[in-house]
Amino acid sequence: MSLVRLKIKGISYSQTQNGAYALILNEVEGDRKLPIVIGAFEAQSIAIALEKEIKPPRPLTHDLFKNFSDRFDIVIKQVIIHKLVDGVFYSSIICERDGIEEIIDARTSDAIALALRFNAPIFTYKTILDKAGIFLKFSSKEKDQKDSDDSIMVDEILQEGETIEIESGASDGYTELTIDELEAELKKAVTNEDYEKAAKLRDEISKRN
């Protein structure tokens, strides 16, 4: 079976299902998207890996795994989403140490969070993409900002260039804050390890830059 390389298009939370997030993967050489529902913790971990300016004061679980692997010369070479059963994706992490390759079973969300930290490619089989891949349509949703980005939502997914975006829905009143106030709130959120709030603040700051 042929492998298809994927990249991360975006991640967001559902406005209708409490605690539900979606990770959108895009085939590198094509237009199909692979949406995967993930948990809040994994969504935050992936968001942190994507957003370089948000640095947690202490390592997250996936960061700890990366530090542990670096110490013992373990390298993740690639991640393969190899099975889809009853709407659940199954993945394998291909690692190497001292020239010996090992295959480790993992949840897809964990596998992708680690792939980002190791700069490892993500693949799936063509048969899975044929079965679960979708073509997303443009939305006519109004924009409040002149140069605002389209959002990638779980409930209403929009297609937008190559920009990776973490959309958190409502602004929670952040539109009324100044840039300095947003920056201060962002630092406070990171210090308190409230990465969901930090992602929302980062989005609001990005819209104004």
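Where an unreviewed UniProt entry is consulted, the chain appears under the name BFN domain-containing protein, with the organism given as Maribacter stanieri.

(A) Geometry of the overall build of the chain. Across its full length, the chain carries six helices and eight strands. Helices and strands appear in the chain in the N-to-C order β-β-β-α-α-β-β-β-α-β-α-β-α-α. Relative to its full complement of 209 residues, the chain shows a buried share of 46%. Contacts in the chain between residues at least 24 apart in sequence constitute 56% of all its contacts with a sequence separation of at least 6.

(B) Geometry of the packing of aromatic side chains. For the structure on display, the rule yields one aromatic pair. Taken together, a centroid distance of 4.9 Å and an interplanar angle of 40° make the contact between Phe68 and Phe72 tilted. Under the relative-accessibility criterion, Phe72 is labelled partly exposed at 39%. Above the face of the Phe118 ring, Lys66 is positioned so that its terminal group lies 5.0 Å from the ring centre.

(C) Main features of the packing of helix 1 (residues 40-50) against helix 3 (residues 108-118). The contact between helix 1 and helix 3 brings their axes to 9 Å, and the two run at 15°. Regarding the angle of helix 1 to helix 3, the classification is roughly parallel. The handedness of the crossing between helix 1 and helix 3 is left-handed. For the pair helix 1 and helix 3, the contacting residues are Glu42, Ser45, Ile46, Ile48, Ala49 and Leu50 in the first and Ser109, Asp110, Ile112, Ala113, Leu116 and Arg117 in the second. Across the contact of helix 1 with helix 3, the residue classes break down as seven nonpolar, two polar and three charged.

(D) Main features of a nonpolar patch on the surface. The grouping of Val85, Val88 and Tyr90 at the surface amounts to a nonpolar patch, some 210 Å² of accessible area in total. Mapping Val85 onto the fold places it in strand 4 (residues 75-85).

(E) Representation of the pairing of strand 7 (residues 122-125) within the structure. Where burial is concerned, the two faces of strand 7 agree: the one with Ile122 and Thr124 and the one with Phe123 and Tyr125 are both buried. Summarising the sheet, strand 4 and strand 7 pair through three bridges and their orientation is parallel. When the sheet's bridge partners are listed, Ile80 is paired in strand 7 with Phe123.

(F) Focus on the side chain of Lys33. Note that Lys33 resides in strand 3 (residues 33-38). Buried and unpaired, Lys33 has Asp31 as its nearest opposite-charge partner, separated by 5.6 Å. A polar atom in the side chain of Lys33 sits 3.0 Å from the side chain of Asn26. A polar contact of 3.0 Å, which involves the side chain of Lys33, links it to the backbone oxygen of Asp31.

(G) Focus on the pattern of salt bridges. Applying the stated criterion to the full structure yields eleven salt bridges. When the shortest N-O distance is used, the salt bridge between Lys77 and Glu101 registers 3.2 Å. Of this pair, Lys77 sits in strand 4 while Glu101 sits in strand 6 (residues 100-107), and the two are 24 residues apart along the sequence. Given the relative accessible area of 37%, Lys77 is considered partly exposed.

(H) Just helix 1, in detail. Of all eleven residues making up helix 1, eight are buried, and the element is well covered by its neighbours. Of all the residues in helix 1, the buried ones are Glu42, Ala43, Ser45, Ile46, Ala47, Ile48, Ala49 and Leu50.

(I) How the structure looks around the nonpolar core. Ranked by size, the top nonpolar core spans 38 residues in total, and within it Leu25, Leu34 and Ile46 carry the most contacts. In this structure, Leu25 is in contact with Leu6, Lys7, Ile8, Lys9, Arg32, Lys33, Leu34, Ile36, Ile81 and Ile112, ignoring residues within four places of it in sequence. Tyr174, Leu182, Leu201 and Ile205 belong to the second-largest nonpolar core, a separate cluster that totals six residues.

Rules used in this analysis
- Residue indices begin from 1 for each chain and proceed along its sequence in written order.
- Only residues with pLDDT of at least 70 get local features here, since the model is predicted, and only at 80 or more are side-chain atom pairs given and counted; chain-wide, interface and lining totals rely on the full set of residues.
- Just so you know, side-chain values use all the structure's heavy atoms and leave hydrogens and water out.
- Going along the chain from the N terminus, every DSSP run of H or I of four or more residues is numbered as a helix, and every run of E of two or more is numbered as a strand.
- Three exposure classes are used, based on accessible area relative to the maximum for each residue type with a 1.4 Å probe and protein chains only: buried under 20%, partly exposed in between, and exposed over 50%.
- Every residue pair with non-hydrogen atoms within 4.5 Å of one another is taken to be in contact.
- In this analysis, rings of Phe, Tyr and Trp, with Trp reduced to its six-membered ring, are considered paired at centre separations within 6.5 Å, and the interplanar angle assigns stacked below 30 degrees, edge-to-face beyond 60, and tilted for intermediate values.
- Only when the NZ of Lys or the CZ of Arg is both within 6 Å of the ring centre and within 35 degrees of the ring normal is a charge said to sit over the ring.
- Between N-to-C directions, angles cover 0 to 180 degrees, with each direction set by a line fitted to C-alpha atoms, over the stretch in contact for helices.
- Between 65 and 115 degrees an angle is taken as roughly perpendicular, under 35 as roughly parallel, over 145 as roughly antiparallel, and anywhere else as oblique.
- Two helices crossing with the near one rotated counterclockwise from the far one by less than a right angle form a left-handed crossing, whereas a clockwise rotation gives a right-handed crossing.
- For this scheme, ten residues count as nonpolar: Ala, Val, Leu, Ile, Met, Phe, Trp, Tyr, Cys and Pro. Four count as charged, namely Asp, Glu, Lys and Arg, and the remainder, Gly too, count as polar.
- Residues enter a patch when their relative accessible area is above 30% and they make no salt bridge; the linking distance is 9 Å between like charges and 5 Å between nonpolar side chains (Val, Leu, Ile, Met, Phe, Trp, Tyr).
- Method for areas: the Shrake-Rupley scheme with a 1.4 Å probe, in which residue coverage is limited to the protein chains shown.
- Salt-bridge detection follows one rule: a side-chain nitrogen of Lys or Arg within 4 Å of a carboxyl oxygen of Asp or Glu.
- Pairs of strands are assigned from DSSP output, requiring at least two bridges between the strands.
- Residues scored as charged are limited to Lys and Arg (positive) and Asp and Glu (negative), so that His and the chain ends carry no count.
- Throughout this description, a polar contact denotes any pair of N or O atoms lying within 3.5 Å of each other; where both atoms belong to protein, one of them has to be capable of donating a hydrogen while the other can accept it, and for residues adjacent in sequence the pair is counted only when both atoms sit in side chains.
- Here the nonpolar core consists of buried residues drawn from Ala, Val, Leu, Ile, Met, Phe, Trp, Tyr and Cys, with membership extended through side-chain atoms lying within 4.5 Å.

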